[in-house]
Amino acid sequence: MAVSIPILAIVTSLHLIAFVFAVGAERRRSFAKVVPDQYDERTYCVYSTDASTVYGLCAFGLLLLSQVVVNGVTRCLCFGKGLVSATSSTTCAIIFFVFSWLSFLGAEACLLAGSARNAYHTKYRGIFGGDDLSCATLRKGVFAAGAALTLLSLVGSILYYWAHSRADTGGWEKHQNEGLGMTQQPREFEKA
């Protein structure tokens, strides 16, 4: 298996779009302010937009799709003629496979947890005489960590795909005994 430019373009573009969504989710996190209720002495939280939840889930889906493409093309490091031998390309493929999966799982965890926490809104809290109502919001940096791990996953996925293709083909493989063989004479025309 040789390195395919369309596969690299698809994986790179999916990762980069997921990165943009993760950065957008960090920039559009929900903010809250405490507002007194006009009918009684209770206070409640009013939240800003929920756009970062959607952005985070979009980044989650695109990153998942990219990982499926890479592992579908390489058949998840399970098959291939060059992966049986213990060469340096095989070792690199295994190392980048593990790195790609660890960074992918970390990014997915940050994006999914950030989206879930950002979607959580505190309802009424009956604090009579208390002024320190805290509204539940997402901490700063969760989506940023997901974005950083998305870039690391991009690097790991590309290097894994490259190392896997080198291990699967044995590096530069010479093609011998291929073709039509037009220079050889059939046996029936040989002289006796």
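Just so it is clear, the structure is predicted and the values come from calculations on it, not from any experiment.

(A) Just the confidence of the model for the protein chain, in detail. Averaged over all residues, the pLDDT of the protein chain is 83; the fraction at 70 or higher stands at 79%. Within the protein chain, no element has a lower average pLDDT than strand β1 (residues 32-36), which sits at 78, and none a higher one than helix α1 (residues 5-27), at 96. Considering only residues more than four positions removed or in separate chains, one finds that residues 172-177, a stretch of pLDDT under 50, has one contact.

(B) Main features of the packing of helix α2 (residues 51-73) against helix α3 (residues 88-119). Contact geometry of α2 with α3 gives a least axis separation of 8 Å together with a crossing angle of 160 degrees. With respect to α3, the axis of α2 lies roughly antiparallel. For the pair α2 and α3, the sense of crossing is left-handed. Packed against α2, whose contacting residues are Ser-52, Thr-53, Gly-56, Leu-57, Ala-59, Phe-60, Leu-63, Leu-64, Gln-67 and Asn-71, the element α3 presents Phe-97, Ser-100, Trp-101, Phe-104, Ala-107, Glu-108, Leu-111, Leu-112, Ser-115, Asn-118 and Ala-119 at the interface. Of the residues belonging to the contact of α2 with α3, the class tally is 12 nonpolar, eight polar and one charged.

(C) Region of interest: the nonpolar core. Within the largest apolar cluster, 13 residues are counted, with the highest numbers of intra-cluster contacts made by Ala-18, Ala-22, Ala-59, Leu-62, Leu-63, Leu-111 and Phe-143. Mapped onto this core, the elements with two or more residues apiece are α1, α2, α3 and α4 (142-169). Ranked by residues supplied to this core, first place goes to α1 with four residues. By size, the runner-up hydrophobic cluster in this structure holds six residues, among which are Ile-7, Val-11, Tyr-160 and Tyr-161.

So, how was this worked out
- Residues numbered from 1 in each chain as written.
- Predicted model: local features only at pLDDT ≥ 70, side-chain atom pairs only at ≥ 80, totals over all residues.
- Heavy atoms only, no water.
- pLDDT = per-residue confidence, 0-100.
- Helix = DSSP H or I, 4+ residues; strand = E, 2+ residues; numbered from the N terminus.
- Contact = heavy atoms within 4.5 Å.
- Axes fitted to C-alpha atoms, helices over the stretch in contact; angles between N-to-C directions.
- Parallel < 35°, antiparallel > 145°, perpendicular 65-115°, else oblique.
- Left-handed = near helix turned anticlockwise from the far one by under 90°.
- Nonpolar A, V, L, I, M, F, W, Y, C, P; charged D, E, K, R; others polar.
- Core = buried A, V, L, I, M, F, W, Y, C linked by side-chain atoms within 4.5 Å.
- Buried < 20%, exposed > 50% of the residue type's maximum accessible area, 1.4 Å probe, protein only.

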